[in-house]
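One letter stands for each residue in the lines below.
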Protein chains: 2
Amino acid sequence: MVDILHRIGIKASVDKVYTALTTREGLSSWWTDSTQGENKVGGVLKFCFSAAGVEIGGFDMKVLELHPAKRVLWQVVEGPDDWIGTKVSFDLKQNGDHAIVIFKHLGWTEPTEFMHHCSTKWAMYTMSLKALVETGKGAPNPTDVHISGDGPD
Amino acid sequence: MVDILHRIGIKASVDKVYTALTTREGLSSWWTDSTQGENKVGGVLKFCFSAAGVEIGGFDMKVLELHPAKRVLWQVVEGPDDWIGTKVSFDLKQNGDHAIVIFKHLGWTEPTEFMHHCSTKWAMYTMSLKALVETGKGAPNPTDVHISGDGPD
């Protein structure tokens with residue numbers, strides 16, 4: 001098993017970051033602009049991506065844990081094969097005027113090229129989360145930054 | 001052992017990317033603006049970072065492998081304790097009009113918070129490499145983007 005790990009600091013309260021991680025409005029403002037589903041423990045969130053107006057896939061995440069201002073844990077229940085069963089967590093802690101976000105995408109079976117790609121993308125999305133909370137404007141599902149060159153992203 | 005993994009595509013030839021990875025001018029245009037040392041197998045490259053004009057540390061990398069247009073491998077010989085002995089590799093392959101870069105920072109003993117931080121930073125630096133090669137302007141040692149909030153970076 002291999003994991004994707006990131007850490008950022010956001011000049012804000014952990015409460016504000018938690019809101020961006022646990023509301024459809026928040027999630028669709030930094031990750032993907034089409035976020036549906038129920039944000040409650042046991043509920044399923046549906047994150048859908050599109051390119052040039054065409055839906056290109058996405059992920060369904062079961063919400064496993066919600067600890068206000070502290071922790072969010074999801075498990076992938078639909079999506080690319082490599083993602084099924086993996087878990088995504090955000091742990092928060094206040095450090096002075098910054099909320100520290102420890103991000104993990106846990107349980108990849110193999111370090112495939114796609115996993116390498118997702119690692120870079122998650123870094124961009126955590127920076128989008130930071131921008132959203134600090135400035136009010138994130139970069140969800142960006143169509144202007146293509147990190148791969150051989151796919152729609 | 002845990003690893004940091006990233007993947008990007010750069011709209012350029014692998015030769016051009018290889019040059020950015022193996023010349024002091026290239027390295028100091030996307031990673032850190034103070035790059036010294038000898039870029040040859042067995043040589044040591046010295047990457048130094050500063051903040052507000054003050055040197056804040058850096059990394060010495062021994063060059064272990066140089067395969068033109070294909071692969072670069074360094075090993076950290078001086079730097080933060082967590083980095084000593086770890087290896088950094090860049091594997092390149094051409095995919096149509098894009099050079100695909102597979103980045104690895106291998107051999108971390110523990111998934112410390114600092115490792116999470118470095119994972120995010122390496123994503124930013126690989127995107128800086130992409131910007132440099134594609135546009136002529138990278139973001140080495142950026143002083144305008146502080147991802148942590150509790151340190152100089």
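Predicted, not measured: the structure shown is a model, and the values here were computed from it. (Residues numbered from 1 in each chain as written. Chains lettered and ligands numbered in written order. Predicted model: local features only at pLDDT ≥ 70, side-chain atom pairs only at ≥ 80, totals over all residues.)

Caption draft 1: Representation of the overall build of chain A in the model. Looking only at helices and strands, one finds 3 helices and 7 strands in chain A. What you see for chain A is a C-alpha radius of gyration of 15 Å, in line with the 15 Å of a compact globule of 153 residues. Counting only C-alpha atoms and orienting by the principal axes, one finds that chain A spans roughly 40 × 30 × 30 Å. Relative to its full complement of 153 residues, chain A shows a buried share of 41%. Long-range contacts, defined as pairs at least 24 residues apart, comprise 46% of the intrachain contacts of chain A with a sequence gap of at least 6. (Helix = DSSP H or I, 4+ residues; strand = E, 2+ residues; numbered from the N terminus. Rg over C-alpha atoms; globule rule 2.2 N^0.38 Å. Buried ≥ 20, exposed ≤ 12 C-beta atoms within 10 Å, placed from the backbone. Contact = placed C-beta atoms within 7 Å.)

Caption draft 2: The sheet that holds strand β4 (residues 54-67) of chain A, seen in detail. Residue and element names in this part refer to chain A. Read across the sheet, 7 strands follow the order β1-β7-β6-β5-β4-β3-β2 without closing on themselves; strand pairing throughout is antiparallel. At either end of the open sheet lies a strand with only one pairing partner, and these are β1 (2-10) and β2 (34-37). Averaged over all pairs of adjacent strands, the angle between their axes in this sheet comes to 25°, without regard to strand direction. Pairing of β1 with strand β7 (residues 98-108) involves 8 bridges; the strand directions are antiparallel. (Pairing = 2+ DSSP bridges. Axes fitted to C-alpha atoms, helices over the stretch in contact; angles between N-to-C directions.)

Caption draft 3: Layout of the relation of the copies chain A and chain B. Note on the copies: chain A fits chain B at an RMSD of 0.0 Å, the axial shift is 0.0 Å, and the rotation between them is 180°. One copy is carried onto the other by what is essentially a two-fold rotation axis. Residues of chain A ranked by C-alpha distance from the rotation axis are headed by A:Ala123, positioned 3.1 Å from it. When the interface residues of chain A are mapped onto chain B, 100% of them again lie at the interface, so the same face is used by both copies. (Least-squares fit on C-alpha atoms with pLDDT ≥ 70 in both.)

Caption draft 4: Broad picture of the interface of chain A and chain B. Taken together, the contact between chain A and chain B spans 25 residues of the former and 26 residues of the latter. Contributions of two or more residues to the side of chain A that touches chain B are made by β1, β7 and α3 (113-135) of chain A. Sorting elements by how many residues they give to the side of chain A that touches chain B places α3(A) first, with 9 residues. Counted by class, the side of chain A that touches chain B contains 9 nonpolar, 12 polar and 4 charged residues. (Nonpolar A, V, L, I, M, F, W, Y, C, P; charged D, E, K, R; others polar.)

Caption draft 5: Layout of the packing of helix α1 (residues 14-22) of chain B against helix α3 (residues 113-135) of chain B. Residues and elements named next belong to chain B. At a minimum axis separation of 10 Å, α1 and α3 run at an interaxial angle of 120°. Judged on the interaxial angle alone, α3 and α1 are oblique. As α1 packs across α3, the resulting crossing turns out to be right-handed. Counting all contacts with α1, which are made through Lys16, Val17 and Ala20, the residues of α3 involved are Leu129, Leu132 and Val133. Grouping the amino acids of the contact of α1 with α3 by side-chain chemistry returns 5 nonpolar, no polar and 1 charged. (Parallel < 35°, antiparallel > 145°, perpendicular 65-115°, else oblique. Left-handed = near helix turned anticlockwise from the far one by under 90°.)

Caption draft 6: Examining α3(B) more closely. Residue and element names in this part refer to chain B. Taking 1.5 Å per residue, 23 residues should reach 33 Å; α3 reaches 33 Å between its end C-alpha atoms and fits that length. Among the 23 residues of α3, 17 are classified as buried, and the element is accordingly described as predominantly covered. Just beyond α3, the residue with positive phi is Gly136, at close to 90°. (Expected span 1.5 Å × (residues − 1).)

Caption draft 7: The sheet that holds strand β5 (residues 71-78) of chain B, seen in detail. The strand order across the open sheet formed by 7 strands is β1-β7-β6-β5-β4-β3-β2 (chain B), and the pairing between neighbours is antiparallel. Strands at the two margins of the open sheet, each flanked by one partner only, are β1 (2-10) and β2 (34-37) of chain B. Averaged over all pairs of adjacent strands, the angle between their axes in this sheet comes to 25°, without regard to strand direction. Bridge count for strand β3 (residues 44-51) of chain B against strand β4 (residues 54-67) of chain B is 8 bridges, and the pairing is antiparallel. Considered in β4(B), the bridge of B:Cys48 is made with B:Gly58. Contacts from α3(A) reach β1 and β7 (98-108) of chain B, with the element oriented near 85° to β1(B). α1(B) contacts β1, β4, β5, β6 (87-95) and β7 of chain B of the sheet and is inclined by roughly 160° relative to β6(B).

Caption draft 8: Geometry of the nonpolar core. Counting 76 residues, the largest nonpolar core has A:Val17, A:Val101, B:Val17 and B:Val101 as its most contacted members. When neighbours within four sequence positions are excluded, B:Val17 is seen to be in contact with B:Ile10, B:Ala12, B:Leu92, B:Ala99, B:Val101 and B:Val133. (Core = buried A, V, L, I, M, F, W, Y, C linked by C-beta atoms within 7 Å.)

Caption draft 9: Quick peek at the pairing of β2(A). Residue and element names in this part refer to chain A. Across 4 bridges, β2 lies against strand β3 (residues 44-51) in antiparallel orientation. Paired with Ser34 across the bridge in β3 is Cys48. Between β2 and β3, which follow one another and run antiparallel, lie 6 residues, and Gly42 among them has a positive phi close to 95°.

Caption draft 10: The arrangement of the environment of B:Lys46 in detail. Residues and elements named next belong to chain B. Take Lys46: it is sitting in strand β3. The exposure class assigned to Lys46 is partly exposed, which follows from the 17 C-beta atoms found within 10 Å. Residues Lys46 and Phe90, 44 residues apart in the sequence, show an inter-C-alpha distance of 18 Å. Aside from chain neighbours lying at most four places away, what touches Lys46 is Gln36, Gly37, Gly58 and Asp60.

Geometric values such as these leave the question of function open.
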